Amino acid sequence: MTRTMAWIGFLATLAIALTLGLYTLLEPGRQQAAQERLRAEAIAQATDLYAENCAVCHGAAGEGIGGMPALNSDGVRGMDYESLYRVIAFGRYNTPMAAWSAEEGGILTGAQIDQLIVLLQYGDWEQVSARVTERGLAPPVAVEVEVPDDLLVQIEALPGGESLSRGLTLYAQNCSACHGVDGSGTPLAPPLDNPDLQARGADEIRRTIEEGVPGTLMAGWAETLSPAEVSDLVDLILRWDELQTAGIALPTPEPVVMPSTPEMIAAGEQLFSVACATCHGVEAYGTRMAPSLNNQGFLGETPDAAIYQIIAQGVPGTAMPAWGGRLSDEEINSLVAYLRSLEATAPPAAEPSTGGGMRGGGMGPPWLRGN
Ligand code: HEC
Ligand code: HEC
Ligand code: HEC
């Protein structure tokens, strides 16, 4: 008995002596090595989190996509821990940057957010990009509506035509999906070629474009467009009738037909897993970030064309981004085909635990809400 105790005592003393000895010997080299190992582990974990959750908006290499900001900049690298934590955990209100913290209805733990912060501050974006590609999670390339060259030549020949031609190009890319190719409005948005609007004058039109109309699909464009670009758009709105008089109109796009083939459904499924499953969950069953789409309630009540518009325009004031500028018609159609293909086997209603988006989720965009 006493022998055993003596042994334990001896071993304990030896252990302490060894630890202290090693500690003093290897300090601070050891601590630094340990820290570097921890950092490398955090970055490895965060790279996968980034690929799965963030690349879709911020780009495979953190370069930013369309209106979504770059994260690979010195500005972001230099942001302090608190600010980075705040934006990732709580999101930015009224932008597509959602709150990712589980406590805020998101899907990330505090430890995972910390890992992402280490990645943003110390990561190597080339490695991130390689990993995103390796996992097949590279986001789709942006598409832009083009104004045919011969039209531009015609417009430039008009007096003051250069501003009009720039305005129409910007309009085609950014505004026509909602306000119609010829500015005469659609079910989504009012006409812009109307005398009442023109009578309100350049300053007010400019303010509406820059600041948007909160709580509607009309977003503020001040971040996306330069002041000169907004001027060209104001000019276009004030001078629509000059285009009409000259018989100039953008070609009407092909009507959106919603074909569905097994190939399209497969393409839609693949795209969904890259661009949508982060929020809407595997097989669209929903997560805490966004409502289920795989249920009879939603699919039964929402025609293809409406699903198409929701995907293209997003739902402002919620985490649902507008995909219209980033996905081609064909890609959006494939998503519609995929979602429609789920209807046959969809459960009657979304599970309450998985449904329910960020803010009154699942109610759909304003034009589908019966208010
Ligand atoms: C649906 C698109 C989307 C997704 C997904 C997304 N973000 Fe963002 N993020 C944005 C937008 C838009 C902004 C700019 C918000 C604003 O205007 O202030 C932003 C801003 C940020 C910023 C602040 C950048 C700055 O310069 O201030 C950080 C950091 C950031 N996001 C990190 C992340 C991380 C990490 C993830 C993944 C967990 C993520 N984001 C996922 C859209 C997105
Ligand atoms: C996602 C759809 C959408 C897009 C894209 C869009 N708008 Fe709008 N816009 C709307 C809606 C909806 C309204 C009406 C808001 C309201 O209810 O007052 C509106 C209103 C306006 C108005 C005020 C009209 C009036 O009679 O009061 C102007 C001007 C305008 N938009 C210009 C633009 C320009 C320029 C662009 C492109 C840079 C653009 N919009 C892109 C949806 C959109
Ligand atoms: C950053 C998170 C996020 C991503 C990524 C995202 N969504 Fe959403 N989506 C939402 C939220 C939140 C809502 C609920 C909006 C509301 O409150 O009305 C929504 C709503 C929808 C709706 C309407 C559902 C309803 O019940 O009215 C459809 C359809 C939809 N999303 C399709 C998609 C598709 C397709 C993709 C991929 C291309 C996608 N979403 C990507 C967050 C997201």
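Residues numbered from 1 in each chain as written. Chains lettered and ligands numbered in written order. Predicted model: local features only at pLDDT ≥ 70, side-chain atom pairs only at ≥ 80, totals over all residues. Heavy atoms only, no water.

## Re the overall build of the chain
- If you tally the helices and strands in the chain, you get 19 helices and 0 strands.
- Long-range pairs, those at least 24 residues apart, make up 66% of the contacts in the chain with a sequence separation of at least 6.
- With an accessible surface of roughly 20,400 Å², the chain has 58% of that area assigned to carbon and sulfur atoms. (Helix = DSSP H or I, 4+ residues; strand = E, 2+ residues; numbered from the N terminus. Contact = heavy atoms within 4.5 Å. Areas by Shrake-Rupley, 256 points an atom, 1.4 Å probe, with all protein chains shown as cover.)

## So, the environment of Glu103
- In this fold, Glu103 is placed in the loop between helix 5 (81-90) and helix 6 (110-122).
- Its relative accessible area of 77% is what places Glu103 among the exposed residues.
- In the structure, Glu103 is positioned 13 residues away from Phe90 in sequence and 9.2 Å away in space, judged by C-alpha atoms. (Buried < 20%, exposed > 50% of the residue type's maximum accessible area, 1.4 Å probe, protein only.)

## A word on the packing of aromatic side chains
- Using the criterion set out here, one finds 4 aromatic pairs in the structure.
- When the centroid spacing of 5.5 Å and the interplanar angle of 50° are considered together, the rings of Phe272 and Tyr338 count as tilted. Pair noted here: Phe272 is in helix 15 (residues 262-275) and Tyr338 is in helix 19 (residues 329-341), with a separation of 66 residues, a long-range link. Across this residue pair, the class does not change: Phe272 and Tyr338 are buried.
- Lying over the aromatic face of Tyr122, Arg39 brings its terminal NZ or CZ to 3.7 Å of the ring centre. (Phe/Tyr/Trp six-rings, centres within 6.5 Å; stacked < 30°, edge-to-face > 60°. Lys NZ or Arg CZ within 6 Å of the ring centre and 35° of its normal.)

## Concerning the coordination of the iron atom of ligand 1
- In this structure, His58 (NE2) and Met97 (SD) serve as the protein donors to the iron atom of ligand 1, at separations of 2.0 to 2.2 Å.
- Around the iron atom of ligand 1 sit 6 donor atoms; with metal-centred angles ranging over 86 to 177°, the donor geometry is octahedral. Taken together, the residues His58 in helix 3 (residues 55-58) and Met97 in the loop between helix 5 and helix 6 connect sequence positions 39 residues apart. (Donors = N, O, S within 2.8 Å, 3.2 Å for Na, K, Ca; no water. Tetrahedral: all angles 85-135°; square planar, octahedral: opposite > 155°, others 65-115°.)

## A short note on the nonpolar core
- Core analysis: the largest hydrophobic core is formed by 29 residues, its most contacted members being Tyr50, Ile88, Leu116, Leu119, Leu120 and Val132.
- Every element with two or more residues in this core is listed here: helix 2 (29-53), helix 5, helix 6 and helix 7 (125-134).
- If you count residues domain by domain, this core takes at least three from each of domain 1 (34-134) and domain 3 (262-368).
- Each residue touching Tyr50, except ones within four places of it in the same chain, is listed here: Ala55, His58, Gly59, Ala60, Gly62, Leu71, Leu116, Leu119, Trp125, Val128 and Val132.
- Core analysis: the next-biggest nonpolar cluster, separate from the first, contains 25 residues, Cys175, Leu197, Val234 and Leu243 among them. (Core = buried A, V, L, I, M, F, W, Y, C linked by side-chain atoms within 4.5 Å. Domains from an automatic or database assignment.)

## Describing the pattern of salt bridges
- Enumeration according to the criterion identifies 10 salt bridges in this entry.
- Linking Arg131 and Asp48 is a salt bridge whose minimum nitrogen-to-oxygen distance equals 2.8 Å. Residue Arg131 is located in helix 7, and its partner Asp48 is located in helix 2; the two are separated by 83 residues in the primary sequence.
- What makes Arg131 partly exposed here is its relative accessible area of 27%.
- Between Glu204 and Arg200 there is a salt bridge whose closest N-O contact spans 3.4 Å.
- Three or more residues are tied together by salt bridges with common partners; here these are Asp48, Glu52, Arg131, Glu134 and Arg135. (Salt bridge = Lys/Arg side-chain N within 4 Å of Asp/Glu carboxyl O.)

## Quick notes on unusual backbone geometry
- Backbone geometry places Glu283, a non-glycine residue, at a positive phi of 50°.
- Classification of Glu283 as partly exposed rests on a relative accessible area of 42%.

## Topic: the environment of Ser163
- Along the chain, Ser163 falls in helix 9 (residues 161-174).
- With 70 residues separating them along the chain, Ser163 and Leu233 place their C-alpha atoms 8.5 Å apart.
- Beyond its immediate sequence surroundings of up to four residues, Ser163 is in contact with Asp232 and Asp235.
- Within the structure, Ser163 has its side chain in polar contact with the side chain of Asp232 (distance 3.2 Å). (Polar contact = N/O pair within 3.5 Å; in protein donor to acceptor, adjacent residues only side chain to side chain.)

## Notes on the packing of helix 9 against helix 13 (residues 227-238)
- Where helix 9 meets helix 13, the closest approach of the two axes is 8 Å, and the angle between their N-to-C directions is 100°. One finds that helix 9 runs roughly perpendicular with respect to helix 13. From helix 9, Ser163, Leu164, Arg166, Gly167, Leu168, Leu170 and Tyr171 reach across to helix 13, where they touch Glu229, Asp232, Leu233, Asp235 and Leu236.
- Broken down by class, the residue content of the contact of helix 9 with helix 13 amounts to 6 nonpolar, 2 polar and 4 charged. (Axes fitted to C-alpha atoms, helices over the stretch in contact; angles between N-to-C directions. Parallel < 35°, antiparallel > 145°, perpendicular 65-115°, else oblique. Nonpolar A, V, L, I, M, F, W, Y, C, P; charged D, E, K, R; others polar.)

## Focus: helix 19
- With 13 residues, helix 19 should cover 18 Å at 1.5 Å per step; its first-to-last C-alpha distance of 18 Å lies within 8% of that length.
- When we look at burial in helix 19, the residues that qualify are Ile332, Asn333, Ser334, Leu335, Val336, Ala337, Tyr338 and Leu339. (Expected span 1.5 Å × (residues − 1).)

## A look at the environment of Ala322
- Summarising the element assignment, Ala322 is placed in the loop between helix 18 (304-313) and helix 19.
- Of the residues examined, Ala322 reaches a relative accessible area of 39% and is grouped as partly exposed.
- Placed 226 residues apart in sequence, Ala322 and Pro96 show a C-alpha to C-alpha distance of 8.7 Å.
- Apart from the residues within four sequence positions on either side, Ala322 is in contact with Ile311, Ala312, Gln313 and Gly314.

## Quick look at the side chain of Gln198
- Here Gln198 lies in helix 11 (residues 195-199).
- Discounting residues that sit within four places of it in the chain, Gln198 has contacts with Asp193, Ile205, Ile237, Leu238, Trp240 and Asp241.

## A word on helix 13
- Helix length check: helix 13 (12 residues) gives 16 Å between terminal C-alpha atoms against 16 Å at 1.5 Å per residue, within 8%.
- Every buried residue belonging to helix 13 is among Val230, Asp232, Leu233, Val234, Leu236 and Ile237, and all of these are buried.
- In this structure, the buried side of helix 13 is in contact with helix 9, helix 11, helix 12 (201-211) and helix 14 (240-245).

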